[in-house]
Amino acid sequence: MSQHIPDNISDLTRATNYGTWRFQKGWKPLPVVDAEGCWFTDDTGKRYLDMSSQLMCVNLGHKNPRVIEAIAEQARELPFMGPAYATNARARLSLKLLEVLPAGLEKFFFATSGTEANEAAFKIARMVTGRNKIISRYRSYHGSTAASIAATGDLRRWAMEPAGKAMGFVFAPETNCYKCPIRHTYPGCGIACADYIDHMIRSEGDVAAVIVEPIVGTNGVLVPPPEYMPKLREICDRHGVLLIVDEVMTGWGRTGQWFAVDHWGVKPDILTTAKGITSAYVPLGLCATTKKLADYFEDHYFSHGHTYEAHPITLGPAVATIEEMQRLNLVERAASLEPYLRHKLEALKAGHPSIGDVRGLGLFFAVELVKNRNTKEPFNTMRDKIEGKPLVVDQIAARMMADGVAQQSWVSHFVIAPPLIVTNEELDFGIDALHRHLTLADALVD
């Protein structure tokens, strides 16, 4: 017997569910009843352009028919089998991953989220090296469970300290050429932020790995200078430290390459990813390692696992997602749309004194708001966010939502990351809404 769904699902959800990363007071989730392409629809029939692919994950757009059918096909073929068994879905996806991942990543652990993928990466790095410490960076996000939140540099870690997070994580400065945390200026800096990690490895001791988002995601779409990732790779090699790249957000064509590290030809020891691997239709995370790391476990106990590791329902649709990306040339499409999106956002910056910086690659951009362009002072800080103070970017995003554009905002910037199938006309629609409501921030500029 089907259960009756109440008229007001927003109130029911609010009463019975936790809203993530927020104060619960005042949360009123929008009821969504449909989604297709780059748009989703609420219970009144109003449509919204999804300018951030939900959480930067619906890369194929909503309701791709082939991926939906792949979910049904996999359910009919084999809905579940434990991780100790080989399945057709597991074999098919493993072969497909060897086609698109950076060369050298040949052994896979399948999880159900980016968080879990990073937890696996940390355990593998520590088991193989026999060392403990992981160097992460400020302005980073790596997940919400004990180790992955400990590796997170942003405000979401604060409320969990010290009891709610794992130990053994230390932080380096982020790579932010717009507002360098160590007050250098590129290119005269000589990539001092990478040199600082070198100093940390030598000074900390017991370092197993360095984890970075090649392009920082939620925390500002911080694109490193071209020398940074190759230099970091060399530093890790020199010290025998593993390099973990978190491509949960930057993978799967988002930046105009299959993976962000492909822009610089860097080969990591471990790559973690999720989100776009299934266009978020089903929850799948991946931890991929080199054969050299995998060989260690031929004679050493692999001390990790989940009931849902290599769950067939998650693997079958991933194959379809990758094939759809190839069929539609979406990696190339993201690269080809970059000049158009960059031009539109730079024009926006020219007309709004509240925009301090525009940066990004492919279909992955940030628009950073500042109170003063000369000092680069933001309207709000991470402390404001964690204390629940009103944020200028959230006020602008709310006005855009009223105009039918869903736009991800975070502390002092917007993340522009529409589905890779987005059209020029849809980009125009979204950016025009941002243009209209930036007047709110412009009025507050010093």
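Everything here concerns the structure above.
Residues numbered from 1 in each chain as written. Predicted model: local features only at pLDDT ≥ 70, side-chain atom pairs only at ≥ 80, totals over all residues. Heavy atoms only, no water.

> Run through the overall build of the protein chain, naming residues and quoting values.
Of regular secondary structure, the protein chain possesses 15 helices and 15 strands. In terms of C-alpha radius of gyration, the protein chain reaches 22 Å, essentially the compact-globule figure of 22 Å for 446 residues. Projecting the C-alpha coordinates of the protein chain onto the three principal axes gives extents of approximately 65 × 65 × 45 Å. The burial tally for the protein chain puts 55% of its 446 residues in the buried class. Residue pairs in contact within the protein chain that sit at least 24 positions apart in sequence constitute 71% of those at least 6 positions apart. Carbon and sulfur atoms provide 54% of the accessible area of the protein chain, an area that totals close to 19100 Å². Counting 47 positive and 51 negative side-chain charges, the protein chain places the centres of these two groups 4 Å from one another. (Helix = DSSP H or I, 4+ residues; strand = E, 2+ residues; numbered from the N terminus. Rg over C-alpha atoms; globule rule 2.2 N^0.38 Å. Buried < 20%, exposed > 50% of the residue type's maximum accessible area, 1.4 Å probe, protein only. Contact = heavy atoms within 4.5 Å. Areas by Shrake-Rupley, 256 points an atom, 1.4 Å probe, with all protein chains shown as cover. Lys, Arg positive; Asp, Glu negative; His and termini not counted. Charge placed at Lys NZ, Arg CZ, Asp CG, Glu CD.)

> Could you give an account of the sheet that holds strand S15 (residues 413–416), naming the residues involved and the relevant values?
With antiparallel pairing, the 4 strands of this open sheet are ordered in space as S11-S12-S15-S14. Because the sheet does not close on itself, it has two edges, and the strands there are strand S11 (355–361) and strand S14 (408–410). Between one strand and the next, the sheet's axes are offset by a mean angle of 20 degrees, whatever the strand orientation. In terms of strand pairing, strand S12 (residues 364–369) meets S15 through 4 bridges, oriented antiparallel. Across the sheet, residue Ala366 finds its bridge partner in S15, namely Val415. (Pairing = 2+ DSSP bridges. Axes fitted to C-alpha atoms, helices over the stretch in contact; angles between N-to-C directions.)

> Could you give me a rundown of the nonpolar core, with the residues and numbers involved?
In terms of nonpolar packing, the biggest core is built from 96 residues, with Met229, Leu369, Ile396 and Phe414 touching the most fellow members. For this core, the leading source of residues is helix H11 (residues 330–351), giving 7 residues. The contact partners of Phe414, leaving out residues within four places of it in the chain, are Phe365, Ala366, Val367, Leu369, Val393, Ile396, Ala397, Gln407, Gln408, Ser409, Leu434 and Leu438. Within the second largest apolar cluster, 22 residues are counted, among which are Ala120, Ala151, Ile211 and Ile244. (Core = buried A, V, L, I, M, F, W, Y, C linked by side-chain atoms within 4.5 Å.)

> Hey, could you go over empty space enclosed by the protein for me, with residue numbers and the actual values?
Within the structure shown, the criterion is met by 1 cavity of 30 Å³ or more. Roughly 100 Å³ of volume is contained in the largest cavity. In this structure, the largest cavity is lined by 14 residues; those nearest its centre are Asn176, Cys177, Cys180, Cys189 and Cys193. The residue inventory of the lining of the largest cavity, partitioned by class, reads 9 nonpolar, 4 polar and 1 charged. (1 Å grid on protein atoms, 1.4 Å probe; cavity = no way out; pocket = protein on both sides within 12 Å on 5 of 7 lines; lining within 4 Å. Points joined across faces, edges and corners; volume = space filled by probe spheres on them. Nonpolar A, V, L, I, M, F, W, Y, C, P; charged D, E, K, R; others polar.)

> Give me the lowdown on the pairing of strand S9 (residues 270–273), citing residues and values where you can.
A two-sided burial pattern is seen for S9, the buried positions comprising Ile270 and Thr272 on one face and Leu271 and Thr273 on the other. The sheet contact formed by strand S8 (residues 242–246) and S9 spans 3 bridges and is parallel. Residue pairing across strands places Asp246 opposite Thr272, the latter belonging to S9. Bridging between S9 and strand S10 (residues 285–290) involves 4 bridges; their strand directions are antiparallel. Within the sheet, the bridge partner assigned to Thr272 lies in S10 and is Cys287.

> Requested: an account of the packing of H11 against helix H14 (residues 424–437), with residues and values cited.
Interhelical geometry of H11 versus H14 gives an angle of 20 degrees and a closest axis separation of 11 Å. Looking at the two axes, H11 sits roughly parallel to H14. In the packing of H11 onto H14, the handedness of the crossing is right-handed. From H11, Leu337, Tyr340, Leu341, Lys344, Leu345 and Leu348 reach across to H14, where they touch Asn424, Leu427, Asp428, Ile431, Leu434 and His435. In terms of residue class, the contact of H11 with H14 is made up of 8 nonpolar, 2 polar and 2 charged. (Parallel < 35°, antiparallel > 145°, perpendicular 65-115°, else oblique. Left-handed = near helix turned anticlockwise from the far one by under 90°.)

> Outline the packing of aromatic side chains, listing residues and values.
As enumerated under the stated definition, the model contains 12 aromatic pairs in all. Considering the side-chain rings of Phe40 and Tyr48, the 5.3 Å spacing of their centres and the 20 degrees angle between planes classify their relative orientation as stacked. This pair shows no difference in class: Phe40 is buried, exactly as Tyr48 is. Ring centres of Phe80 and Tyr308 lie 6.4 Å apart, and the angle between their planes is 90 degrees; on these two criteria the pair is classed as edge-to-face. Of the two residues, Phe80 sits in the loop between helix H3 (65–77) and helix H4 (88–100) while Tyr308 sits in the loop between helix H9 (291–296) and helix H10 (312–327), which places them 228 residues apart along the sequence. One aromatic cluster is present, built from ring pairs that chain together Phe109, Tyr296, Phe297 and Phe302. (Phe/Tyr/Trp six-rings, centres within 6.5 Å; stacked < 30°, edge-to-face > 60°.)

> Can you break down the pattern of salt bridges residue by residue, with the values?
Enumeration according to the criterion identifies 27 salt bridges in this entry. In this structure, Arg202 engages Asp198 in a salt bridge whose closest nitrogen and oxygen atoms are separated by 3.0 Å. Here Arg202 pairs with Asp198, and both are found in helix H7 (residues 192–204), just 4 residues apart, close to one helical turn. Between Arg233 and Asp269 there is a salt bridge, with its nearest N and O atoms 2.9 Å apart. Here the residue Arg233 occupies a position in helix H8 (residues 228–239), and Asp269 occupies one in the loop between S8 and S9, the gap between them amounting to 36 residues. Grouping residues by exposure puts Arg233 and Asp269 together as buried. Residues participating in the shared-partner salt-bridge network are Asp198, Arg202, Glu234 and Arg238. (Salt bridge = Lys/Arg side-chain N within 4 Å of Asp/Glu carboxyl O.)

> Give me the lowdown on the sheet that holds strand S3 (residues 47–50), citing residues and values where you can.
Overall, mixed pairing links the 4 strands, which are arranged S1-S2-S3-S13 in an open sheet. Pairing within the sheet leaves two strands with one partner each, and these edge strands are strand S1 (32–36) and strand S13 (405–406). Where S1 and strand S2 (residues 39–42) come together, 4 bridges link them in antiparallel fashion. The residue bridging Ala35 from the neighbouring strand is Phe40, located in S2.

> Lay out the environment of Asn17 with the relevant residues and their values.
Here Asn17 lies in the loop between helix H1 (9–16) and S1. Remark: the alpha-carbon pair of Asn17 and Ala70, spanning 53 residues in sequence, is separated by 30 Å. In this view, Asn17 contacts Gln24 and Trp27; residues no more than four positions away in its chain are not counted. At a separation of 2.8 Å, a polar atom in the side chain of Asn17 contacts the side chain of Thr16. (Polar contact = N/O pair within 3.5 Å; in protein donor to acceptor, adjacent residues only side chain to side chain.)

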